[in-house]
Amino acid sequence: TAKEQDIASALELAIEMFERGFRFGRCDLYVSQVSRYIPQGSELIPPFTAIPGIGNQAASSIVKAREEGAFESVEDFRKRTGVGKRVCETMKEHGLFLGLPETAQLPLF
């Protein structure tokens, strides 16, 4: 299938880069691009589309929204990007929201 071909291409690239001495970092909410790997130090930062379940449209909206500034919370992220709950859950599973509160509301007590 087309999805399997995309995965196979990504895996071939990963093997080639690993054999050349590159290491892969984690996707980063503020560094990762839509579909391009970013060199950072001795690592390559994967694009958002390297995460299964995040397509080009969602990745593009993330990159566009972060140009407006840092995200205050996961709730702010969802509002500004327009991505669905499933994409957010996938991103949480991959540690992209570490240190980001669920909502921007401060507890009163």
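Keep in mind the model is a prediction, meaning the values are calculated, not measured.

Asks: Is there a simple way to explain the packing of helix 3 (residues 74–81) against helix 4 (residues 85–93) in this structure?
Replies: To describe two helices that pack against each other, one gives the angle between their axes and the distance between the axes. The geometry of helix 3 relative to helix 4 is characterised by a closest axis approach of 11 Å and an angle of 135° between their N-to-C directions. With respect to their mutual orientation, helix 3 and helix 4 come out oblique. Relative to helix 4, the crossing made by helix 3 is right-handed. Contacts between helix 3 and helix 4 involve Val-74, Phe-77 and Arg-78 on the former and, on the latter, Lys-85, Cys-88, Met-91 and Lys-92.

Asks: I'm lost on the packing of helix 2 (residues 56–66) against helix 3 in this one. Help?
Replies: Contact geometry of helix 2 with helix 3 gives a least axis separation of 9 Å together with a crossing angle of 110°. On the basis of their axis angle, the class for helix 2 and helix 3 is roughly perpendicular. The residues of helix 3 that touch helix 2, namely those facing Ser-61, Ile-62, Ala-65 and Arg-66, are Phe-77, Arg-80 and Thr-81. Residues of the contact of helix 2 with helix 3, tallied by class, amount to 3 nonpolar, 2 polar and 2 charged.

Asks: Even after reading the chapter, I still don't get the pattern of salt bridges, so can you show me in this structure?
Replies: For side chains bearing opposite charge, pairing can occur when the charged atoms are close. Across all of its chains, the model carries 5 salt bridges by this definition. Its salt-bridge partner being Arg-80, residue Glu-68 comes within 3.6 Å of it at the nearest N-O pair. With a gap of 12 residues between them, Glu-68 in the loop between helix 2 and helix 3 and Arg-80 in helix 3 connect regions that are remote in the sequence. The exposure class assigned to Arg-80 is partly exposed, which follows from its relative accessible area of 24%. Between Lys-92 and Glu-102 there is a salt bridge, and its shortest N-O distance comes to 2.8 Å. Of this pair, Lys-92 sits in helix 4 while Glu-102 sits in the segment after helix 4; the two residues are 10 residues apart in sequence, bridging distant segments of the chain. According to the relative accessible area criterion, Glu-102 is partly exposed, its value standing at 45%. Put simply, Glu-68, Asp-76 and Arg-80 are held in one network by salt bridges that share partners.

Quick notes on the rules
- Here, residues in each chain are numbered from 1, in the same order as that chain's written sequence.
- Under the rules for a predicted model, residues below a pLDDT of 70 receive no local features and side-chain atom pairs below 80 are neither given nor counted, while totals for whole chains, interfaces and linings still include all residues.
- Water and hydrogen atoms play no part in the side-chain values, which are based on all heavy atoms of the structure.
- The angle between two axes is taken between their N-to-C directions and runs from 0 to 180 degrees, where each axis is a line fitted to C-alpha atoms and a helix contributes only its stretch in contact.
- Numbering of helices and strands runs from the N terminus, with a helix taken as a DSSP run of H or I at least four residues long and a strand as a DSSP run of E at least two residues long.
- An angle counts as roughly parallel when it lies under 35 degrees, as roughly antiparallel when it exceeds 145, as roughly perpendicular when it falls between 65 and 115, and as oblique in every other case.
- Here a crossing is taken to be left-handed if its near helix is turned anticlockwise relative to the far helix by less than a right angle, and right-handed if that turn runs clockwise.
- Every residue pair with non-hydrogen atoms within 4.5 Å of one another is taken to be in contact.
- Ten residue types, Ala, Val, Leu, Ile, Met, Phe, Trp, Tyr, Cys and Pro, are classed as nonpolar, four, Asp, Glu, Lys and Arg, as charged, and the remainder, Gly among them, as polar.
- By definition, a salt bridge exists where a carboxyl oxygen of Asp or Glu is found within 4 Å of a side-chain nitrogen of Lys or Arg.
- Under the scheme applied here, a residue whose accessible area is under 20% of the maximum for its type counts as buried, over 50% as exposed, and between as partly exposed, the area being computed with a 1.4 Å probe on protein chains only.

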